[in-house]
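As a plain string of letters, each chain reads:
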Amino acid sequence: IHGDVKSDNVIVEFRPGGEVRSRVLDFGLSRLLTKTTRPLGGTQLWMAPEVRMRTAIPSTSTDVYSFAWVLFNAMTGFHPSAVVTSESLQEAWAYESAPSLTWPPGISWPEGSEHLCASCMRFDAAARPFMDEARTICGNWCGKVRDPENSPTIAEVLKSVREMSEEKPAQHAATPIVDGQASPFRRL
């Protein structure tokens, strides 16, 4: 498991010809899953409830929970701190429910996007979809079916989501400058 999935740990590379690739960064908290795997930290608002409350060992579903925040952030431009507080998360989790996300009105979201985020953020880790299921749904947004030879990358999903949206989040507009040149990489 990665252990610290968040938008700051994903960069998107825009290559010539329209090709888009994503890269996951910062594997400092990643762990192999064993019976004794223990969390070492992470970023509070992006953490799954079982990791933050230390009620279970990390699992692949903890990264699925955090992926929902990445997807929500990429689609809406909203950082988790703009939507929830630590207190509101604790309150939702006290009732074993997911955080309530407010989706900006007036934007045409890809079909099933709100449901996918809500499913990935379920309080019960065992009730969250597997990443392959989430990827299949995202693949449908890109017009790609899920098979080993024709599977979308996360970058393709994000590009497709941006193209389907009537508005683009402002944070995607700037091109970073690296060593005095426009960089093909952008953070989410």
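Chains are numbered independently. Their residues run from 1 in the order of the written sequence. Per-residue local features are limited, in this predicted model, to residues with pLDDT of at least 70; the limit for side-chain atom pairs, both in listing and counting, is 80 or more; totals at the level of whole chains, interfaces and linings are taken over all residues. Think of the side-chain values as coming from all heavy atoms in the structure, minus any hydrogens and water.

Novice: Provide a residue-level description of the packing of aromatic side chains, including the pertinent values.
Specialist: The aromatic pairing rule takes the rings of Phe, Tyr and Trp, using the six-membered ring of Trp, and pairs them if the centres are within 6.5 Å, calling planes under 30 degrees apart stacked, those over 60 edge-to-face and the rest tilted. For the structure shown, the criterion picks out three aromatic pairs. When the centroid spacing of 6.5 Å and the interplanar angle of 65° are considered together, the rings of Tyr65 and Trp93 count as edge-to-face. Placement of the pair is Tyr65 in helix α2 (residues 60-76) and Trp93 in helix α4 (residues 86-94), with a sequence separation of 28 residues. Across the pair, exposure class does not vary: Tyr65 and Trp93 are buried alike. Taking the centre distance of 6.0 Å and the plane angle of 80° together, the rings of Trp69 and Phe72 count as edge-to-face. Taken together, the residues span about one helical turn, with Trp69 and Phe72 both in helix α2 at a distance of three residues. Numbering of helices and strands starts at the N terminus; helices are DSSP runs of H or I of at least 4 residues and strands are runs of E of at least 2. For the exposure calls, accessible area comes from a 1.4 Å probe over protein chains only, and a residue counts as buried if that area is under 20% of its type's maximum, exposed if over 50%, partly exposed in between.

Novice: So, the packing of α2 against helix α5 (residues 113-120): which residues are in play, and what are the values?
Specialist: Lines fitted to C-alpha atoms define the axes, with helix axes restricted to the stretch in contact, and inter-axis angles between N-to-C directions lie between 0 and 180 degrees. Where α2 contacts α5, the axes come no closer than 8 Å and their chain directions differ by 150°. Taken together, the axis directions place α2 and α5 in an arrangement best described as roughly antiparallel. Remark: the crossing between α2 and α5 carries left-handed chirality. In this structure, α2 contributes Val64, Tyr65, Ala68, Leu71, Phe72 and Met75 to the contact, and α5 contributes Ser113, Leu116, Cys117 and Cys120. Reported orientations rely on four angle classes, namely roughly parallel under 35 degrees, roughly antiparallel over 145, roughly perpendicular from 65 to 115, and oblique for the rest. Left-handed is the label given to a crossing in which the near helix is rotated counterclockwise from the far helix by less than a right angle, and right-handed is the label when the rotation is clockwise. We call two residues in contact when some of their heavy atoms are within 4.5 Å.

Novice: A description of α5 should follow, citing residues and the corresponding values.
Specialist: Every buried residue of α5 is accounted for by Ser113, Leu116, Cys117, Ser119 and Cys120. Considered in projection along α5, the buried side chains sweep an arc of 165° and stay on one side of the axis. Arc definition: directions from the helix axis to the C-beta atoms.

Novice: Kindly report on unusual backbone geometry, identifying the contributing residues and their values.
Specialist: For residues that are not glycine, phi is negative in most cases, and the peptide bond is trans in most cases. Positive phi is not limited to glycine here, since Arg54 has a value of about 55°. If you trace the backbone, Arg54 turns up in the loop between α1 (49-52) and α2. The class of Arg54 is exposed, set by a relative accessible area of 58%. For Glu96, which is not a glycine, the phi torsion comes out positive at approximately 55°. In this structure, Glu96 sits in the loop between α4 and α5. In this structure Glu96 comes out as exposed when scored by relative accessible area, which is 59%.

Novice: Explain the pairing of strand β2 (residues 20-24) to me, and be specific about the residues and the numbers.
Specialist: Pairing between two strands requires that DSSP report at least two bridges joining them. In the sheet, strand β1 (residues 10-14) pairs with β2 via five bridges, with the strands oriented antiparallel. When the bridges of β2 are listed, Ile11 appears paired with Arg23. As consecutive antiparallel partners, β1 and β2 are separated by five residues, and within that stretch Gly17 has a phi angle of approximately 85°, a positive value.

Novice: So what about the environment of Ala125? Which residues, and what values?
Specialist: Looking at the element boundaries, Ala125 is found in the loop between α5 and α6 (131-142). Take Ala125: its relative accessible area is 22%, and that puts it in the partly exposed class. For the pair formed by Ala125 and Tyr65, sequence separation is 60 residues and the distance between their alpha carbons is 8.2 Å. When sequence neighbours within four positions are dropped, the list of residues in contact with Ala125 reads Glu50 and Ser61.

Novice: Which residues make up α4, and what values do they have?
Specialist: Listed in full, the buried residues belonging to α4 are Leu89, Ala92 and Trp93. The arc that holds every buried residue of α4, seen down its axis, measures 95°, which confines them to one face. Exposed side of α4, more than 90 degrees from the buried face: Glu87, Glu91 and Ala94 are the residues found there. Looking at the buried side of α4, the elements it contacts are α1 and α2.

Novice: Run through the pattern of salt bridges, naming residues and quoting values.
Specialist: By definition here, a salt bridge exists when the distance from a side-chain nitrogen of Lys or Arg to a carboxyl oxygen of Asp or Glu is within 4 Å. Inspection of the entire model under this criterion finds three salt bridges. Among the salt bridges present, the one from Asp4 reaches Lys6, with a minimum N-O distance of 3.9 Å. The class of Asp4 is buried, set by a relative accessible area of 8%. Exposure remark for Lys6: the relative accessible area of 15% places this residue in the buried category. Salt-bridge contacts for Glu50 lead to Arg128; the nearest nitrogen and oxygen are separated by 2.8 Å. Of the two residues, Glu50 is situated in helix α1 and Arg128 in the loop between α5 and α6; the sequence distance between them amounts to 78 residues. As far as burial versus exposure is concerned, Glu50 and Arg128 are alike and both buried.

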